[in-house]
Amino acid sequence: MHDLVIRRGTVIDGTGGPMQAADVAIEDGRVVAVGSGVGPGHREIDAAEQLVLPGWVDIHTHYDGQATWDPEMTPSSWHGVTTAVFGNCGVGFAPVRPGTEDFLINLMEGVEDIPGTVLAEGLDFSWESYPDYLDVLASVPRVMDVGSQLPHGALRFYVMGERGADHAAVPTSAELADIERLVTEAFASGALGFSTSRTTKHKAADGRLTPSLSAGDPELAAVARAMKAAQAGVLQVNSDFGPGEFDHLRQAAELSGRPLSVLVLQVDNAPELWRETLEHVHAANAAGVEATAQVGCRPIGVMLGLDVTVNPFKNHPAYQAIAHLPTAERAARMRNDPELRRALVHDRPADSHSAWMDYALTRAFELGDDLDYEQSPDRTVAARAASVGGSPWELALDLLSEGDGDSLLLYPFENYHGGSLEEIRQMLVDPYSVCGIGDAGAHVGTICDASYPTYLLTHWARDRTRGERLPLEFLVHKQARRTAETFGLLDRGVLAPGYRADLNIVDFDALSVGRPELIWDLPAGGKRLVQKAKGYRHTFVRGIETFIDGEPTGARPGGLVRGAQADPGAPR
Ligand SMILES: [Zn+2]
């Protein structure tokens, strides 16, 4: 008798192979059979007309803090994620010397927009070393598996003290030895990767550039030697990819003998650069240096609204005079007070925020109930205003003050240069790309992209009207098996005998992403932007049901994944 049998579903197994009508049997947290003629189970689920999919492996999250205080790991768990990897982009909370925690909080606040007050309240810092941090993660039962990477920023500050915060400071030979020793220690305790940030977009909350920005070859080599000795880990990099940059990273990867995984996205000031980076990724693979490109599946967008971090009107004295009012009341004043409207639209402060918003409104869309992330350029706020001879600021005011004042505009600041998702399609179909960049757990007041795994299916396999769609089997492979493989988690991402029973049963016709909404549930009453999902009927982690129709069951089968996991399907 099997523990669980899922009958009559349409199984997409994660390998990229064609979907098939099949029953799936589970025992002891593993899949034991997929096919017909499967014997009875203690529990049986009828999945007729539903998809049976491997659980999502989201490799680009920032739950470093949240994972220590939130066993439900929302919003990712609402979107069928069963494994989340964090410690990305060089930021995280270990190692840390007692008394210097504020530095890491400040860095995470600045780089990933997670409020310092939330982190200070939520984190107990009951660890110092990275292995201690992993032990704390391992001691908290939760709804999904988590994996962590050693963040360069934290390591540098731990080893070099205040000097480590200055990206231009160079480690001494004794410090390089410490770096090598601590990276070795991290991999011995189960780190999945080493992450570093080399982008000027990343600044601490105090304005300083991220500590690892310009780390030189000797420092990268110390990390690489430790990875080589450990024969473990992925070198994860978020970089601006200036001239010669990829060569430094490729050299480090070559020295380590370990895979490189870089973020690839389209930036407005160099809209073709991503193609060059992808070419480097191809060349590296051709030369035997394993490299992947983590890519998105929709525009990376800043949400504009009255209560989120970026409010077009926030610096205006007339707005500040009503800023204390409850949102709905504030919105009503903005709709109805002619003098206030005139001031907000015509007497704007001559500051950098207004200038930035002037530009943003030429790119931003209304994100209405249909949640259209691929709107044509004639739908921007500025284009719509121009079409009726109006002011973009007046239209922004009208849109944001509708109803209770919880409407949002989407300003797609990356991955949308050409006004469609054609470039994203090209990134997705690249053989070396994997799904990433959702930044779940981060940017809580500005960006709301933890819903990527759901959107990947709804938009790219079903709803897209402005261009080619992509096969479901391909998308499931990209978000489950390819992501798992990127971090050597070869025991998951596939529904076949021997693999982990991490899976979703999905009503694909009903599958949808909810409107971004603000909820006030972070520590210290902090707020965050989240999107819910519809259509995930059941989610299982290690064969145990964690969610039914969006509601948690209370089960906490998830643990900490320490290091790479063997492929149960591979010949031994
Ligand atoms: Zn990141």
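Notes on the structure in this doc start here. (Residues numbered from 1 in each chain as written. Predicted model: local features only at pLDDT ≥ 70, side-chain atom pairs only at ≥ 80, totals over all residues. Heavy atoms only, no water.)

**What about the sheet that holds strand β7 (residues 81–86)?**
Here's step 1: Pairing within the open sheet is parallel, and its eight strands lie in the order β6-β7-β8-β9-β10-β11-β12-β16. Bordering the open sheet on either side are β6 (56–58) and β16 (433–435), each of which pairs with just one other strand. If you compare each strand with its neighbour and ignore which way they point, the axes differ by 25 degrees on average.
Here's step 2: In the packing of helix α10 (residues 273–286) onto the sheet, contacts are made with β11 (260–263) and β12 (291–295), and the angle to β12 comes to roughly 150 degrees. (Pairing = 2+ DSSP bridges. Helix = DSSP H or I, 4+ residues; strand = E, 2+ residues; numbered from the N terminus. Axes fitted to C-alpha atoms, helices over the stretch in contact; angles between N-to-C directions. Contact = heavy atoms within 4.5 Å.)

**What about the pairing of strand β23 (residues 544–548)?**
Here's step 1: In the sheet, strand β22 (residues 536–541) pairs with β23 via four bridges, with the strands oriented antiparallel. Across the sheet, residue valine 541 finds its bridge partner in β23, namely isoleucine 544.
Here's step 2: Linking β22 to β23, which pair antiparallel, is a turn of two residues; within it arginine 542 sits at a positive phi near 50 degrees.
Here's step 3: The pairing of β23 with strand β24 (residues 551–552) spans two bridges and is antiparallel. What sits directly across from isoleucine 548, in β24, is glutamate 551.
Here's step 4: In sequence, β23 turns back onto β24 through a hairpin of two residues, with aspartate 549 there showing a positive phi of about 45 degrees.

**So, the pattern of salt bridges**
Here's step 1: Across all of its chains, the model carries 40 salt bridges by this definition.
Here's step 2: Measuring nitrogen to oxygen at the nearest pair gives 3.0 Å for the salt bridge that ties aspartate 23 to arginine 7. Here aspartate 23, found in strand β2 (residues 20–27), pairs with arginine 7, found in strand β1 (residues 2–11); they are 16 residues apart in sequence, far enough to count as distant.
Here's step 3: The class for aspartate 23 is buried, based on a relative accessible area of 13%.
Here's step 4: We classify arginine 7 as buried; its relative accessible area is 18%.
Here's step 5: A salt bridge links aspartate 145 to arginine 492; the nearest nitrogen and oxygen atoms lie 2.9 Å apart. With aspartate 145 in strand β8 (residues 145–151) and arginine 492 in the loop between α19 (472–486) and β17 (503–506), this residue pair connects regions lying 347 residues apart in the sequence.
Here's step 6: Taking relative accessible area as the criterion, aspartate 145 reaches 4% and is therefore assigned buried.
Here's step 7: Taking the relative accessible area as the measure of exposure, arginine 492 reaches 2% and is therefore buried.
Here's step 8: Salt bridges linked by common partners bring Asp145, Asp491, Arg492, Arg500 and Asp502 together as one network. (Salt bridge = Lys/Arg side-chain N within 4 Å of Asp/Glu carboxyl O. Buried < 20%, exposed > 50% of the residue type's maximum accessible area, 1.4 Å probe, protein only.)

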